[in-house]
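Chain and residue survey
Here is what each chain is made of, one letter per residue.
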Amino acid sequence: MSGIGGRPRIGIVGAGNIASLNVHGYLSDPRCDVVAVCDPVEGRAAAAAAEWGAPKAFTDLGAMLADPDIDAVEILTPTHLHHEHALAAVAAGKHVSCQKPLANSVADARAMATAAEAAGVILRVSECYRHYPPLERARQLIAEGAIGRPTHIRLRTVVGQTHSDFQAGLEADGYVWRMNAHSPGGHLFDDMIHKYAVALWLVDRDIVSVQAVVRRRDHFFEPCAALFEYDDPRLLGTMEVSYAPSMWLRSSFYGADEFFEIQGDEGFLWVTRCTGEMLDLSPIVLYQGGKDNQTTTTFSDVPSAWDLGFDRSAFHFIDALVDGVPAEMSAEDATKALQLCFAVYQAGNTSAAVDPRTIEDKVVPDGWPR
Ligand SMILES: NC(=O)c1ccc[n+]([C@@H]2O[C@H](COP(=O)([O-])OP(=O)(O)OC[C@H]3O[C@@H](n4cnc5c(N)ncnc54)[C@H](O)[C@@H]3O)[C@@H](O)[C@H]2O)c1
């Protein structure tokens, strides 16, 4: 799709907990303007519009979408509303960037992609992990052959506590819809969707089989371990998620951290942090085991603050709007991440291997919602 050129005028849909991190990139990109904010909660859009210097505030999405002076919208509403809101924006002729997860079902995600294509507008998913500099560099190193042929990808998430101002400032209403029937599975859906997106993108390969154990305790994911078979039989992936309510994590954002380990037949790559700052290590460590020369390289120069992923995702949407570069993450890729998420639930429910490509609707973990 060619770019719209000019200076995109962005409308923000939803001014809740994640909005300030998400909008910061648009505010700091000199190529675009944030011109409107919409949120039905009394005073929320007006306050955000004042803070961000946006001239217009709306409490009704239909009214905002009818405004011809908005070219594109950033959808930051609760996930169960993405389908309705993206379809409305597309019908109004707006380009759409939508926060992850794209939708609550594969069928809804496909309908959104079809509608955008028919309308000739961009629909992309804002997936900050795929714009996080250490992960971007790791992906580049893998593609350059720095660890030889990848054989194993390990994605580890720990969720605990944090003293961060960001976490302390979160509004409680942002946690209600995530943990009730509005969500097809709570935290493992809402947060792990990032890791599924990364598992596919790091090596640009599809996953064809998933096995998983998903325990159903406080947050319906702890602990969870999943095994991925890629379409390259020489490559496996594992994902582990654990909840550590008595562990305080160093973080400027949520009380969580992630570690990524990619092994190849000639070396190892570690991305040692993401949401948190738990380890005092370089964000990337590369081990290369040549016969005559074994080296460990650190990449301390790579910026590693988690919020950079949001900024860079916003810059990228402007790249797509202005220059017509393919908009990452595509709806197709976001749909594959959704299928992977539901495959983990189905594998956990049935204790059997699941091909994620067979999932066309959604799968809810047994017993959900509590
Ligand atoms: N990339 C990340 O790391 C990350 C982190 C947190 C949240 N998210 C995603 O961002 C989205 C929002 O999450 P959040 O934590 O900010 O949730 P939230 O509940 O705090 O905020 C959602 C906002 O949308 C508003 N809203 C509801 N209906 C609306 C409508 N019709 N028009 C306009 N606004 C409306 C709500 O009033 C609320 O202010 C979710 O999809 C979530 O999964 C992504």
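Conventions adopted
- Residues numbered from 1 in each chain as written.
- Predicted model: local features only at pLDDT ≥ 70, side-chain atom pairs only at ≥ 80, totals over all residues.
- Heavy atoms only, no water.
- Domains from an automatic or database assignment.
- Buried area = accessible area lost by both parts, 1.4 Å probe.
- Salt bridge = Lys/Arg side-chain N within 4 Å of Asp/Glu carboxyl O.
- Pairing = 2+ DSSP bridges.
- Helix = DSSP H or I, 4+ residues; strand = E, 2+ residues; numbered from the N terminus.
- Axes fitted to C-alpha atoms, helices over the stretch in contact; angles between N-to-C directions.
- Contact = heavy atoms within 4.5 Å.
- Phe/Tyr/Trp six-rings, centres within 6.5 Å; stacked < 30°, edge-to-face > 60°.
- Lys NZ or Arg CZ within 6 Å of the ring centre and 35° of its normal.
- Near = heavy atom within 4 Å.
- Polar contact = N/O pair within 3.5 Å; in protein donor to acceptor, adjacent residues only side chain to side chain.
- Areas by Shrake-Rupley, 256 points an atom, 1.4 Å probe, with all protein chains shown as cover.
- Nonpolar A, V, L, I, M, F, W, Y, C, P; charged D, E, K, R; others polar.
- Buried < 20%, exposed > 50% of the residue type's maximum accessible area, 1.4 Å probe, protein only.
- Lys, Arg positive; Asp, Glu negative; His and termini not counted.

**Let's talk about the domain arrangement of the protein**
Parsing the protein into structural domains produces domain 1 (9-127 + 309-325) and domain 2 (130-306 + 339-350). The straight-line distance from the C-alpha centre of domain 1 to that of domain 2 is 26 Å. Taken over both partners, the interface formed by domain 1 and domain 2 buries close to 2,000 Å², and the fraction arising from carbon and sulfur atoms is 57%. Taken together, the connections running from domain 1 to domain 2 amount to three salt bridges. Across the pair Lys100 and Asp190 runs a salt bridge whose closest N-O atoms are separated by 3.5 Å.

**With respect to the sheet that holds strand S5 (residues 95-99)**
Within the open sheet, the six strands sit side by side as S3-S2-S1-S4-S5-S6. Their pairing is parallel. Two strands in the sheet have a free side with no partner beyond their single neighbour: strand S3 (56-58) and strand S6 (123-126). Neighbour to neighbour, the strand axes of the sheet diverge by 25° on average, direction disregarded. With five bridges connecting them, strand S1 (residues 9-13) and strand S2 (residues 33-38) associate as parallel partners. Bridging from a neighbouring strand, Gly11 pairs with Ala36 of S2. Across the sheet, helix H1 (residues 19-28) is in contact with S1, S2, strand S4 (72-75), S5 and S6; its angle to S2 comes to roughly 150°.

**Some points on the packing of aromatic side chains**
If you walk through the whole model with that rule in mind, you get ten aromatic pairs. Relative to Phe228, the ring of Tyr196 has its centre 6.4 Å away and its plane inclined at 65°; by these criteria the two rings are edge-to-face. Of the two residues, Tyr196 sits in helix H10 (residues 192-201) while Phe228 sits in strand S9 (residues 224-230), which places them 32 residues apart along the sequence. When the ring of Phe253 is compared with that of Trp306, the centres are 5.3 Å apart and the planes differ by 55°; the resulting orientation is tilted. Of the two residues, Phe253 sits in the loop between strand S10 (236-248) and strand S11 (256-264) while Trp306 sits in the loop between strand S14 (294-298) and helix H11 (308-323), which places them 53 residues apart along the sequence. Joined through ring pairs, the aromatic side chains of Tyr129, Phe166, Phe253, Tyr254, Trp306 and Phe310 make up one cluster. The side chain of Arg178 reaches across the aromatic face of Tyr175, ending 5.5 Å from its centre.

**Quick word on the site of the ligand**
Neighbouring the ligand are 30 residues, the closest being Ile18, Asp39, Arg44, Thr79 and Trp177. Residue Gly16 places a main-chain N or O atom 3.4 Å away from an oxygen atom belonging to the ligand. Here an oxygen atom of the ligand sits 2.8 Å away from a polar atom, N or O, in the side chain of Trp177. Protein coverage of the free-state accessible area of the ligand, which is 850 Å², stands at 92%. Looking at side-chain class alone, the shell around the ligand contains 15 nonpolar, ten polar and five charged residues. Domain assignment of the residues forming the shell around the ligand places at least three in each of domain 1 (9-127 + 309-325) and domain 2 (130-306 + 339-350).

**Observations concerning the side chain of Lys94**
The topology assignment puts Lys94 in the loop between helix H4 (82-91) and S5. We note that Lys94 is buried and unpaired, the nearest opposite charge coming from Asp67 at a distance of 6.0 Å. Aside from chain neighbours lying at most four places away, what touches Lys94 is Leu65, Asp67, Pro68, Ile70, Asp71, Ala72, Ala89 and Val121.

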